[in-house]
Amino acid sequence: MRLIQVKGALMARVLRWQRQTWQVHFAGREHLDRLCGTKRRFLVCFWHGNYVPIFSLLEGYEACVLSSQSMRGSVIAEICENFGYKSALIPDRPGRGSLKCMVEVLSEVHAVATAADGPLGPRHRVKNGVIRLASNFDFELLPVAVGSRKKIVLHKRWDRMELPLPFTRVCLAFGTPLKVPPKLRKGQIREWADHLADVITTLGDEAQKRADGYLDNDRGKIV
């Protein structure tokens, strides 16, 4: 437990320092601020390979981050605590224990964040459970993507994790919130999952172009 705490604190410190060196560009942040201001329940969705810089980029916002019940998930929970987020460790395999945990967590929060294709992939394939959560608990989906001008890509990982380098330009892009209908059938759930995957992928292309300086305009903000 002590090792997990140390790892989480150290990683949070590194991420916070990196954030101070980045030239950060936000695109579509009005969608996030609007949801926060109205207190509507929403689920922030991003690719697993992009999650690392999001911790520091969204510091100051209230959210509960879902991660798996594992050593890695416990470290993520410690990082969350260092950034002021809540966290919840959910069993990897669906079942009664997982459902009960979800119900307890989601009944107490209005903003939740999770990797849409995590924790084990396949890469860029949205899990059906994300759509079920939105449909059953009346959460709007807020797609998010990250683009970095200079970065390290871990090609040997299943998610091809992207780590922005210090002193680079980073874009965090938010898409238009998606309202998922209640009581979806199995086929409809997969259709929504594929649609969300397309949205996040397209948003990621936009975020990368903004990070590279190709889409600078008044829709974004440099901070």
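Each remark here, short or long, concerns the structure printed above.
What you see is a predicted model; the values in this text were computed from it and never measured. (Residues numbered from 1 in each chain as written. Predicted model: local features only at pLDDT ≥ 70, side-chain atom pairs only at ≥ 80, totals over all residues. Heavy atoms only, no water.)

**What about unusual backbone geometry?**
Backbone torsion omega between G118 and P119 reads 0°, so that peptide bond is classified as cis. Secondary-structure assignment places P119 in the loop between strand 5 (111-115) and helix 6 (128-137). In this chain, G121 is followed by P122 through a cis amide linkage whose omega measures 5°. Structurally, P122 can be placed in the loop between strand 5 and helix 6. Even without glycine at this site, D138 takes up a positive phi of about 60°. Assignment of secondary structure puts D138 in the loop between helix 6 and strand 6 (140-148). A positive phi angle, close to 50°, is found at R160, a residue other than glycine. Tracing the chain through its elements places R160 in the loop between strand 7 (151-153) and strand 8 (162-164). (Helix = DSSP H or I, 4+ residues; strand = E, 2+ residues; numbered from the N terminus.)

**Remarks on the pairing of strand 3 (residues 64-68)**
With respect to burial, strand 3 is a largely interior element, 5 of its 5 residues being buried. Pairing geometry for strand 3 and strand 4 (residues 86-90), over 5 bridges, is parallel. In the sheet register, L66 faces strand 4, and the bridge partner there is A88. Considered for its hand, the β-α-β crossover made up of strand 3, helix 4 (residues 71-83) and strand 4 is right-handed. Alignment of strand 3 against strand 5, held across 2 bridges, turns out to be parallel. Across the sheet, residue C64 finds its bridge partner in strand 5, namely V112. (Buried < 20%, exposed > 50% of the residue type's maximum accessible area, 1.4 Å probe, protein only. Pairing = 2+ DSSP bridges. Right-handed = clockwise from strand over helix to strand, strands pointing away.)

**Digging into the side chain of T21**
Here T21 lies in helix 1 (residues 2-21). The exposure class assigned to T21 is buried, which follows from its relative accessible area of 15%. Of the polar contacts made by the side chain of T21, one reaches the backbone oxygen of Q18; its length is 2.7 Å. Beyond its immediate sequence surroundings of up to four residues, T21 is in contact with P166, F167 and T168. (Polar contact = N/O pair within 3.5 Å; in protein donor to acceptor, adjacent residues only side chain to side chain. Contact = heavy atoms within 4.5 Å.)

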